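Structural features, examined
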Amino acid sequence: TRIDIGVGGKGQDVAIALSCLSRPCKLLQFIGQGPEGDQVYEMLQQTVGQDALESTTIRTVAPLRTCTSIVGADCTTELVEPSGSIQKEELDEIYNACAKQNVDAICIMGSMPPGCPDDTYARIYQAIEASRNTKKNKCLIDSVAGIDALLKVVQPETTMLKVNISELLKLAQLQTKTSETGGAETHIVVQAVTQFLQRYSTPVHTIAITNGAHPAYMAIVNNNNTLDLYKLEIPTLPQNTVLYPIGAGDAVAAGTLAAWVDPFERAVPKKSRLSAFAFGLACGSARCLCVENSNFDWNMVEKLYESTPPPVLVSSHTLYYY
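Residues numbered from 1 in each chain as written. Predicted model: local features only at pLDDT ≥ 70, side-chain atom pairs only at ≥ 80, totals over all residues. Heavy atoms only, no water.

**Some details on the side chain of threonine 159**
Looking at the element boundaries, threonine 159 is found in strand 7 (residues 159–164). Judged by relative accessible area, which is 0%, threonine 159 ranks as buried. At 2.7 Å, the side chain of threonine 159 and the backbone oxygen of glutamine 155 are in polar contact. Not counting the four nearest positions on each side in its chain, threonine 159 is found in contact with Cys139, Ile141, Val154, Val204, His205, Thr206 and Trp260. (Helix = DSSP H or I, 4+ residues; strand = E, 2+ residues; numbered from the N terminus. Buried < 20%, exposed > 50% of the residue type's maximum accessible area, 1.4 Å probe, protein only. Polar contact = N/O pair within 3.5 Å; in protein donor to acceptor, adjacent residues only side chain to side chain. Contact = heavy atoms within 4.5 Å.)

**Here we look at the sheet that holds strand 10 (residues 226–232)**
Pairing is mixed across the open sheet formed by seven strands, whose spatial order is 5-6-7-8-9-10-11. With one partner strand each, in any of the chains shown, strand 5 (105–109) and strand 11 (312–318) form the two edges of the open sheet. Across the sheet, the mean angle from the axis of one strand to that of its neighbour is 15°, orientation sign disregarded. Relative to the sheet, helix 9 (residues 248–261) contacts strand 5, strand 6 (138–142) and strand 7, its axis offset from that of strand 6 by approximately 165°. (Pairing = 2+ DSSP bridges. Axes fitted to C-alpha atoms, helices over the stretch in contact; angles between N-to-C directions.)

**Re the nonpolar core**
Counting residues in each nonpolar core, the largest one holds 49 residues, and the members touching the most others are Val193, Phe196, Ile207 and Ile209. Residues Met218, Val252, Ala258 and Leu274 belong to the second largest nonpolar core, which totals 42 residues. (Core = buried A, V, L, I, M, F, W, Y, C linked by side-chain atoms within 4.5 Å.)

**Examining the packing of aromatic side chains**
Throughout the structure, instances matching the rule amount to five aromatic pairs. Members of the aromatic cluster, joined through ring pairs, are Phe264, Phe279, Trp298 and Tyr305. It is arginine 23 that lies over the ring of phenylalanine 264; its NZ or CZ is 3.9 Å from the centre. (Phe/Tyr/Trp six-rings, centres within 6.5 Å; stacked < 30°, edge-to-face > 60°. Lys NZ or Arg CZ within 6 Å of the ring centre and 35° of its normal.)

**Observations regarding the side chain of aspartate 142**
With respect to the element layout, aspartate 142 can be found in strand 6. By relative accessible area, which is 6% here, aspartate 142 ends up buried. Of note is the side chain of aspartate 142, whose polar atom sits 3.0 Å from the side chain of lysine 162. Setting aside anything within four residues of it in sequence, one finds aspartate 142 in contact with Lys10, Ile108, Met109, Gly110, Lys162, Gly249, Asp250 and Ala253.

**Considering the pairing of strand 7**
With six of six residues buried, strand 7 lies mostly within the body of the structure. Alternating positions in strand 7 separate into two faces, Thr159, Leu161 and Val163 on one and Met160, Lys162 and Asn164 on the other, with burial throughout. With three bridges connecting them, strand 6 and strand 7 associate as parallel partners. Within strand 7, the residue paired with leucine 140 across the bridge is methionine 160. Sheet analysis places strand 7 next to strand 8 (residues 206–210), joined by five bridges and oriented parallel. Within strand 8, the position partnered with methionine 160 by the bridge is threonine 206.

In short, the description is geometric, and any link to function would need to be established separately.
Right under this line is the structure:
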């Protein structure tokens, strides 16, 4: 019935979501050449502002890819074009830009384009960390690209890994028919988290697990080497409403990190990883009600957050490593 044009990169989605929450950020990104790249840059200027883009946007030789999302009454299909290859000089520009940033938190999102080595995200993290002489940055990782190299350099206590259940099962090398469509039972989540932590030797102490339209989970490793698993209900959305789910996961990441770093007096008054994730889930749900990618209404977020039951502890056990 109509065609809408918008911004759709995962890091870009997070920046837009943060702007909805009135939180400033710096958007580290590659944008391809050509009219599509120019159009995306102009749209970002209008949504997140020039300050978020200046000094951290690298225009590449390769043209910008475009993706098409076909939205139906009860489902959305996304057709994703392949990315152009990144040149070594463009990578060097990204690393140099990282070294000049003084930020309070880092959000690492999505896949890497061709030409980026597996340690790209690890080098970005190290470059930003090296630019600070004070306390360590909080870091939210919503990616499995280059995860092996990245988990070797992050600080476990200040890092949160956000994955969907399918990604967690893959990282844990756990064979099961579970998917986000059907949802995952608690015992499967416990097994997947445990095997993941054993495989990577506790690289992070907090894992936020989305589960599609089903309840989400958060796994927290305590100082006494026990693992607590919490279940978080998903906010209930209005019935008989067309939903726009593209970018919902990115809104979850943005809301979670924002509330974890600096809680919102209106909704999340205390620093808590669980409360921050619950707030992020409310952001992701509110995002599904807006046509514009990654946008959502603050008042709707607050309403959904307040109407959702608090997290519930569903499992607790000691971790053993072999």
